[in-house]
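Descriptive structure summary
If you want the building blocks of each chain, they are given just below.
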Amino acid sequence: MRSEPQAWPPVSAQAASLLEEAADLLVLHRDFAAAVERCEAGCDSLGPGTGTGPESSAEVKCSLCVVGIQALAEMNRWREVLSWVLQYYHVPEHLPPKVLELCILLYSKVREPQVMLEVGSSWLRHEANKSLPEYSSLLELYLLHVLLPLGRFEGAEELVRGCDVFDSEQQLAFLGTICESRCQWAQQEEMHLAAEEQQDAATETILGAVSQKLLTMLTLLRRALRSMSSHFCLLPYKKMLLAVFLLYLVVVRLDPASPTSLPFIYKLVQLFRQAWAAVFSPIHRPPIQD
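Residues numbered from 1 in each chain as written. Predicted model: local features only at pLDDT ≥ 70, side-chain atom pairs only at ≥ 80, totals over all residues. Heavy atoms only, no water.

**What to know about the overall build of the chain**
Where we set the bar: Secondary structure elements follow DSSP: runs of H or I no shorter than four residues count as helices, runs of E no shorter than two count as strands, and numbering proceeds from the N terminus. To sort residues, take the accessible area from a 1.4 Å probe on protein chains only and compare it with the maximum for the residue type: under 20% means buried, over 50% means exposed, and anything in between is partly exposed. Two residues qualify as a contact provided that any one of their heavy atoms is within 4.5 Å of a heavy atom in the partner residue. Here the accessible surface of atoms and residues is derived via Shrake-Rupley with a 1.4 Å probe, and residues count as covered only by protein chains that are part of the display.
Of regular secondary structure, the chain possesses eleven helices and zero strands. A burial count over the chain gives 31% of its 290 residues as buried. Excluding contacts between residues fewer than 6 apart, the proportion of contacts in the chain whose partners are at least 24 apart in sequence is 61%. Roughly 19800 Å² of accessible area belongs to the chain as shown, and the carbon and sulfur atoms make up 59% of that amount.

Set out below in structure tokens:
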């Protein structure tokens, strides 16, 4: 005798049909955006109060959220997953175990476990969830993928010691795992600090070498400037100024085309040449007489 197919309520039947379409779009057609739309339509058809309603409606709603989470992750829209789920369950305590599990694994995979820190803590501390058969596995998942990667060792120990679903052997095993993770965390911190110290020492060495080269260049530049200043002090500035003044007279004040200016210009040119030779000619020592 064949069993009759399950009779869905009208609203649940519509949501189940949308769930089937969403699953096909996700797996077969790889149309993730359309799959999310079907999931949203199915959850909306179930209404806001079905989280605690009939078992069939709750299962359909959970399945719609599971498909929606996978579709959002495929589109690299994982940042929207938690807020997207909470718009249908409103508070973290009402999340189905399967949905919470997927969220923990997803945010752990993308290295953002802190997103699930408060959500997981609220769910695990809710009295109604402690009687669920998935509670112990979700607690272990929360410890390994959220608390320990974030270095929350004291909170992890407190959660394990205050958990009634673990026997003494399980508590000791979890406490040992926490202790081992704490030691690994401390070793990583030491290695990180050692690497930073080596990098700082190398930077100081490079800066010291650069500073020494810069100091040497500044010393050479100071010597060169001092030598140039002492050389320019030896120049006869009066003769140089006289040559500049004569050149000014020739170019500006006199008319080179006038015949009366030629003798005077000739004398000025001779004086300019003498001044130029006196300024820029090498300095010779006077001859030594016996």
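**Digging into the pattern of salt bridges**
Where we set the bar: Any carboxyl oxygen of Asp or Glu that lies within 4 Å of a side-chain nitrogen of Lys or Arg is treated as forming a salt bridge with it.
Taken as a whole and assessed by the stated rule, the structure comprises six salt bridges. The partner of Arg38 in a salt bridge is Glu21, and the shortest N-O contact between them spans 2.9 Å. Residue Arg38 is found in helix α2 (residues 32-46), and its partner Glu21 is found in helix α1 (residues 10-27); the two are separated by 17 residues along the sequence. Its relative accessible area of 28% is what places Arg38 among the partly exposed residues. Between Arg77 and Glu80 there is a salt bridge, with the nearest N and O atoms lying 2.8 Å from each other.

**A look at the environment of Leu72**
Along the chain, Leu72 turns up in helix α3 (residues 55-74). By relative accessible area, which is 1% here, Leu72 ends up buried. For the pair formed by Leu72 and Trp84, sequence separation is twelve residues and the distance between their alpha carbons is 9.5 Å. Not counting residues up to four positions away in its chain, the partners in contact with Leu72 are Val36, Arg77, Trp78, Glu80, Val81 and Trp84.

**Things to note about the packing of aromatic side chains**
Within a pair of aromatic rings, the relevant descriptors are the distance that separates the centres and the angle that separates the planes. The condition that has to hold: In this scheme Phe, Tyr and Trp rings, the latter by its six-membered ring, pair at centre separations within 6.5 Å, and the angle between planes marks the pair as stacked below 30 degrees, edge-to-face above 60, and tilted otherwise.
A full pass over the atoms with the stated rule returns five aromatic pairs. Ring geometry for Trp78 versus Tyr107: centroids 6.2 Å apart, planes at 80°, classification edge-to-face. Remark: Tyr107 occurs in helix α5 (residues 97-109) and Trp78 occurs in the loop between α3 and α4 (81-89); sequence separation between them is 29 residues. The same class applies to Trp78 and to Tyr107, which are both buried. Aromatic side chains Phe153 and Trp185 sit 5.8 Å apart centroid to centroid with 80° between the ring planes, which places their arrangement in the edge-to-face category. Residue Phe153 is found in helix α8 (residues 153-161), and its partner Trp185 is found in helix α9 (residues 168-233); the two are separated by 32 residues along the sequence. The exposure class of Phe153 is buried, given its relative accessible area of 6%. Classification of Trp185 by relative accessible area gives partly exposed; the value is 31%.

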